[in-house]
Amino acid sequence: MGKLAKKNEILYHIGISANMLKGAKYALLPGDPGRVEALAKALGPAEFLGSHREYTSWLADLEGNPILICSTGMGGPSVAIGVEELARLGITHFIRVGTTGSIQEKVNLGDVVINNAAVRLEGTSGHYAPIEFPAVADLQLTNALVEGAKKAKVKYHVGISISSDTFWPGQERYDSFTGYVPRRFQGSCAEWQQLGATNYEMEAATLFIVAQSFGLAAACVCGVVAKRTKSEKVAPKSVYKKASAAFEATVKEALLSVTKK
Ligand code: URA
């Protein structure tokens, strides 16, 4: 067990303290602060806790169990900072709830992808574990997400994410300011496809490695908002709505099963 913060200590980046969490052990981690309130309210009655930098926090009451929903912002560094501080508040289980771009033909817009592992195409996790160490999700939490998706009748896939530090070059997108993708990434999307990876996003690998290095549990579910076998573009808002309904229903069912007393 690592070092817990004093119950009334407001942590520097996330701006909340342990005594605000009512003993919550589970946290949902969307990237977008704008997604926190809806996610919280999808679980049950919810209250706003605070908002500092990219970290907006709400506490939801899921049939008597407190669940923290805290945004992390985009990319590895802010995920690692958030998880460091949330662990000090007593959170032991982290579920990233995000959006993603699929790279396999069978993974469609609006589906969800549950990531059992992630390619460490980012820099932050290397500050916690050597690059040879695999970024793997917690099996029990991941299985709960799979069962949650089945129960919610959500179209889901299980697979390996490529967690990239960048949205454009690292994900081999050419619709950028310069249109240039460095040689290192040219052809990389086809290679990940060939290897059977399912999707691109920017946070799962960091989350898996940081949680593992703390002896804590992490999992990841993402709604598909771009289909890279068809286009580099992110799909319109209607697709985001479908994807968010799917991941909300999935995490709610998963949390109901893992918090059942
Ligand atoms: N998030 C990403 O990182 N990539 C996408 O294509 C969509 C969402």
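Values in this document were obtained by computation on a predicted structure and should not be read as measured data.

Points about the overall build of the chain
Here comes step 1: Along its length, the chain carries 6 helices and 10 strands.
Here comes step 2: Projected onto its principal axes, the C-alpha coordinates of the chain cover approximately 50 × 40 × 30 Å.
Here comes step 3: A total of 261 residues make up the chain; the buried ones form 54% of that total.
Here comes step 4: A sequence separation of at least 24 residues applies to 75% of the contacts in the chain between residues at least 6 apart.
Here comes step 5: Between the mean site of the 29 positive side-chain charges and the mean site of the 24 negative ones, the chain shows a separation of 3 Å.

Some points on the packing of helix 3 (residues 139-151) against helix 6 (residues 237-259)
Here comes step 1: Close contact between helix 3 and helix 6 brings their axes to 7 Å; oriented N to C, the two are set at 125°. Considering their axes alone, helix 3 and helix 6 lie oblique with respect to each other. Along this stretch, helix 3 crosses helix 6, giving a crossing that reads as right-handed. Facing Q140, A144, L145, G148, A149 and K151 of helix 3, the residues of helix 6 in contact are T250, V251, E253, A254, S257 and V258.
Here comes step 2: Here the contact of helix 3 with helix 6 is composed, by residue class, of 6 nonpolar, 4 polar and 2 charged.

With respect to the side chain of T250
Here comes step 1: Take T250: it is sitting in helix 6.
Here comes step 2: Reaching out from T250, the side chain makes a polar contact with the backbone oxygen of A246 at a distance of 2.8 Å.
Here comes step 3: Beyond its immediate stretch of four places on either side in the chain, T250 contacts V112, L145, G148, A149, A152, V154 and V221.

Considerations on helix 5 (residues 204-214)
Here comes step 1: Of all 11 residues in helix 5, 8 are buried, a share of seventy percent or more.
Here comes step 2: Taken together, the buried positions of helix 5 are A204, A205, T206, L207, F208, I209, V210 and A211.
Here comes step 3: Looking one or two residues beyond helix 5, the residue adopting positive phi is G215, at roughly 75°.

Details of the pairing of strand 3 (residues 55-62)
Here comes step 1: Of all 8 residues making up strand 3, 7 are buried, and the element is well covered by its neighbours.
Here comes step 2: Both strand 2 (residues 46-52) and strand 3 contribute to a ladder of 6 bridges, which runs antiparallel. Within strand 3, the residue paired with S51 across the bridge is T56.
Here comes step 3: Judged from the 6 bridges that link them, strand 3 and strand 4 (residues 65-70) form a sheet pairing that is antiparallel. Looking at the pairing, D61 lines up with P66 of strand 4.

So, the nonpolar core
Here comes step 1: Residues L68, L86, F94 and F208 are the most contacted members of the largest nonpolar core, which totals 36 residues.
Here comes step 2: Only strand 1 (26-29), strand 3, strand 4, helix 2 (76-88), helix 5 and strand 10 (217-227) provide two or more residues apiece to this core.
Here comes step 3: Excluding anything up to four places from it in sequence, L68 contacts I16, L21, A24, Y26, A27, L28, L49, S57, W58, L59, L86 and I91.
Here comes step 4: The next biggest cluster of nonpolar side chains, apart from the first, holds 31 residues, and it includes Y26, L43, A149 and A254.

The rules we used
- Residues numbered from 1 in each chain as written.
- Predicted model: local features only at pLDDT ≥ 70, side-chain atom pairs only at ≥ 80, totals over all residues.
- Heavy atoms only, no water.
- Helix = DSSP H or I, 4+ residues; strand = E, 2+ residues; numbered from the N terminus.
- Buried < 20%, exposed > 50% of the residue type's maximum accessible area, 1.4 Å probe, protein only.
- Contact = heavy atoms within 4.5 Å.
- Lys, Arg positive; Asp, Glu negative; His and termini not counted.
- Charge placed at Lys NZ, Arg CZ, Asp CG, Glu CD.
- Axes fitted to C-alpha atoms, helices over the stretch in contact; angles between N-to-C directions.
- Parallel < 35°, antiparallel > 145°, perpendicular 65-115°, else oblique.
- Left-handed = near helix turned anticlockwise from the far one by under 90°.
- Nonpolar A, V, L, I, M, F, W, Y, C, P; charged D, E, K, R; others polar.
- Polar contact = N/O pair within 3.5 Å; in protein donor to acceptor, adjacent residues only side chain to side chain.
- Pairing = 2+ DSSP bridges.
- Core = buried A, V, L, I, M, F, W, Y, C linked by side-chain atoms within 4.5 Å.

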